[in-house]
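Descriptive structure summary
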Amino acid sequence: MVFEPLQGGAGGHQPRPELDALVLDVLDRVADKWTMCVLEVLHQHGVQRFTRVGELVRTISQRMLTKTLRQLEADGLVLRTVHPEVPPRVEYQLTEMGASLCAAFCSLWVWAERHEPELRQHKLARAGATVERG
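From a predicted model like this one, the values you see are computed outputs, not experimental measurements.

Our focus in this paragraph is the overall build of the protein chain. Of regular secondary structure, the protein chain possesses six helices and three strands. Counting helices and strands in the order they occur from the N terminus, the protein chain gives α-α-β-α-α-β-β-α-α. A buried classification covers 23% of the 134 residues belonging to the protein chain. Pairs at least 24 apart in sequence give 40% of the contacts found in the protein chain among residues at least 6 apart. Carbon and sulfur atoms make up 57% of the accessible area of the protein chain, which amounts to about 10,000 Å² in all.

Here it is as structure tokens:
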């Protein structure tokens, strides 16, 4: 995918290739289904244990939840706290940076809600076109 920034860049700033690459890297890491769901759960529900995050996300496998939480922790978006108990209690919460990312992505949900009828109409039209071609 080639990224073509707007003339003058976002907010009137000059385009910077290194910043463009960083933005694409962030999008590549977080714009998948499970990452967005886990971020949203932690944003809405605060500090949660592993099992509860899985319950709130619903259809995620334990393997995928583990992988997603590890990546979010490595990226500095989630803090993992192990409490020295028997058995150990592990909790996850958003870091300040993770919370600010959720705030940034919140606008996507607002946009989708505003355009929901049109988005559903186009989705149905695509599905119908696929069936007709089939």
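Here the narrative resumes, following the displayed structure.
This paragraph deals with the environment of Trp34. On the secondary structure map, Trp34 appears in helix α2 (residues 33-45). Considered as a pair, Trp34 and Met64 are 30 residues apart in the sequence and their alpha carbons are 7.8 Å apart. Discounting residues that sit within four places of it in the chain, Trp34 has contacts with Val57, Thr59, Ile60, Met64 and Thr68.

This part takes up the pattern of salt bridges. Applying the stated rule across the entire model yields seven salt bridges. Ionic pairing is found between Glu18 and Arg16, a salt bridge with its closest N-O pair at 3.1 Å. One salt bridge connects Arg89 with Glu91, and the closest N-O pair in it is separated by 2.8 Å. A relative accessible area of 22% means that Arg89 is categorised as partly exposed. Overlapping salt bridges bring together Asp25, Arg29 and Asp75 as one network.

To continue, consider the sheet that holds strand β3 (residues 89-94). Strand order in this open sheet of three strands is β1-β3-β2, and the pairing throughout is antiparallel. On the outer flanks of this sheet lie β1 (48-49) and β2 (78-83), each paired with one strand and no other. Taken together, the two bridges between β1 and β3 define a ladder with antiparallel strand orientation. The partner of Arg49 across the bridge, within β3, is Glu91. The strands that α2 touches are β1, β2 and β3; relative to β3, the one it contacts most, it runs at about 90 degrees.

This brings us to the pairing of β2. Relative to β3, β2 is paired through six bridges, and the arrangement is antiparallel. Looking at β3, one finds that His83 is bridged to Arg89. Between β2 and β3, which pair antiparallel and follow one another directly, the connecting turn spans five residues.

Across the protein chain, the average pLDDT comes to 87, with 87% of residues at or above 70. Within the protein chain, β1 carries the highest mean pLDDT (98), whereas helix α6 (residues 116-133) carries the lowest (84).

With that out of the way, let us pick up helix α3 (residues 50-57). Looking only at α3, the buried set comprises Val53, Gly54 and Val57. The arc enclosing the buried residues of α3, seen along the axis, measures out at 100 degrees, which places them on a common side. If you follow the buried residues of α3, they end up packed against α2, β1 and α4 (62-74). Just past α3, the residue Arg58 takes up positive phi, approximately 80 degrees.

Rules behind the numbers
- Residues numbered from 1 in each chain as written.
- Predicted model: local features only at pLDDT ≥ 70, side-chain atom pairs only at ≥ 80, totals over all residues.
- Heavy atoms only, no water.
- Helix = DSSP H or I, 4+ residues; strand = E, 2+ residues; numbered from the N terminus.
- Buried < 20%, exposed > 50% of the residue type's maximum accessible area, 1.4 Å probe, protein only.
- Contact = heavy atoms within 4.5 Å.
- Areas by Shrake-Rupley, 256 points an atom, 1.4 Å probe, with all protein chains shown as cover.
- Salt bridge = Lys/Arg side-chain N within 4 Å of Asp/Glu carboxyl O.
- Pairing = 2+ DSSP bridges.
- Axes fitted to C-alpha atoms, helices over the stretch in contact; angles between N-to-C directions.
- pLDDT = per-residue confidence, 0-100.
- Arc of directions from axis to C-beta.

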